[in-house]
Amino acid sequence: MRINGKMLIIKKIIHGAVVFAAYCLIINNFSLLSKDMIYGDRSAEKIFPQPFYGFLRIPDSAFVRDLNGVNRISADFGQIYFPSQEFSTLIKNYESGYLDPWNRHSRYAPFIHYLCNITICKLEYGLASFFHMLIQMSLFYFFFIITFKILKIESNFWPALFLVNIILFATPAGLSWFERGQFSLYVSLAYLLLLLGLLKNKPALVIASALFAYVKWTSLPFIFVVIIVYLLSSRNIKEGARNIRISFIYALILLLMSMPFKNEFILFLEGLFGQERFVPPMGISLALILNANLVKGIPLLLIILGYFHLRRNNKNFNALLPYLIG
């Protein structure tokens, strides 16, 4: 018994030391990235490990200089920030990349530019990009906590939070998300809240999911798969009508947020379709390994597989969650 007691104490000490060391690394990386994001002092280059794509800094120009953005990181956020400074010229950005430091055509919906224009984009670039990251992190952690409470699995919260923090601040992919000022946590929230809303039949969570998905439209293919499979899980007409009503929320949100900016929205859609058709895949895209048409057809394949999985489980949508998460 004494030996077992000593072993238990040793395991707890080792566990505590590992968690402490990991959080020291997490806090250090977050602090250095945040400091560099605000001041552009290259302090982030001391983080470990290094971001997957390295560091990309905002180049010098008169417009960037006026907004105190020279040499700052968070380059992907710049694709929204700089065009949003002159919202009335957003059409020019969708057509030519106007005001973006790299002349990138925006791939974000006009409502997102408008929202940025009236809020954090009024700040200088460093502070705006930092608050952009802080806002999505705060929203993610808030709903992450809510999810564990709704599912009544609070005992698993701390290990899950530890894993999330490791992924975000101690892996090359997670650090690239922060260094580039990307919008990945909004996408994560869209997925999380959609599955939770469907699982618990809570339309309010589906609405929240649609709002977060609207930030970054690359979230929509997976959401399309989930919604279609959810509709296929209907066992009778009454259940089918309820599922259609819940699913209709997504289309309604997309429409309501887009209609006030009709002209800009049309150009935004044209840009998305043009990118899908003509821009070659880059980075870690699966289309670099497999045929591009095959990759784009994967959502349809997943729907078919999901349907067969439903038939094997008496159309129990909840039984499909491990498949969808995978």
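Residues numbered from 1 in each chain as written. Predicted model: local features only at pLDDT ≥ 70, side-chain atom pairs only at ≥ 80, totals over all residues. Heavy atoms only, no water.

Visitor: Outline the pattern of salt bridges, listing residues and values.
Guide: Any two side chains of opposite charge can pair, given that their charged atoms come close. Applying the stated criterion to the full structure yields 9 salt bridges. Here R57 and E45 are joined by a salt bridge, their closest N and O atoms 3.2 Å apart. Pair noted here: R57 is in the loop between α1 (2-39) and α2 (62-66) and E45 is in the loop between α1 and α2, with a separation of 12 residues, a long-range link. Judged by its relative accessible area of 12%, R57 falls in the buried class. (Salt bridge = Lys/Arg side-chain N within 4 Å of Asp/Glu carboxyl O. Helix = DSSP H or I, 4+ residues; strand = E, 2+ residues; numbered from the N terminus. Buried < 20%, exposed > 50% of the residue type's maximum accessible area, 1.4 Å probe, protein only.)

Visitor: So what's going on with the side chain of S234? Which residues, and what values?
Guide: Of note, S234 is situated in the loop between α11 (220-232) and α12 (237-258). You can call S234 buried: its relative accessible area is 13%. A distance of 2.8 Å separates the side chain of S234 from the backbone oxygen of L231, its partner in a polar contact. Discounting chain neighbours no more than four positions away, the residues touching S234 are E239, G240, N243 and K315. (Polar contact = N/O pair within 3.5 Å; in protein donor to acceptor, adjacent residues only side chain to side chain. Contact = heavy atoms within 4.5 Å.)

Visitor: Describe the side chain of R180, with residues and values.
Guide: Among the structural elements, R180 can be located in helix α8 (residues 172-180). R180 gets classed as buried once you look at its relative accessible area, which sits at 12%. Setting aside its immediate chain neighbours within four residues, R180 contacts Y53, G54, F55, L56, S74, A75, D76 and F77.

Visitor: Could you give an account of helix α6 (residues 125-150), naming the residues involved and the relevant values?
Guide: For α6, built from 26 residues, the straight-helix expectation of 38 Å at 1.5 Å per residue is met to within 8% by its first-to-last C-alpha distance of 37 Å. Just beyond α6, the residue with positive phi is K152, at close to 60°. (Expected span 1.5 Å × (residues − 1).)

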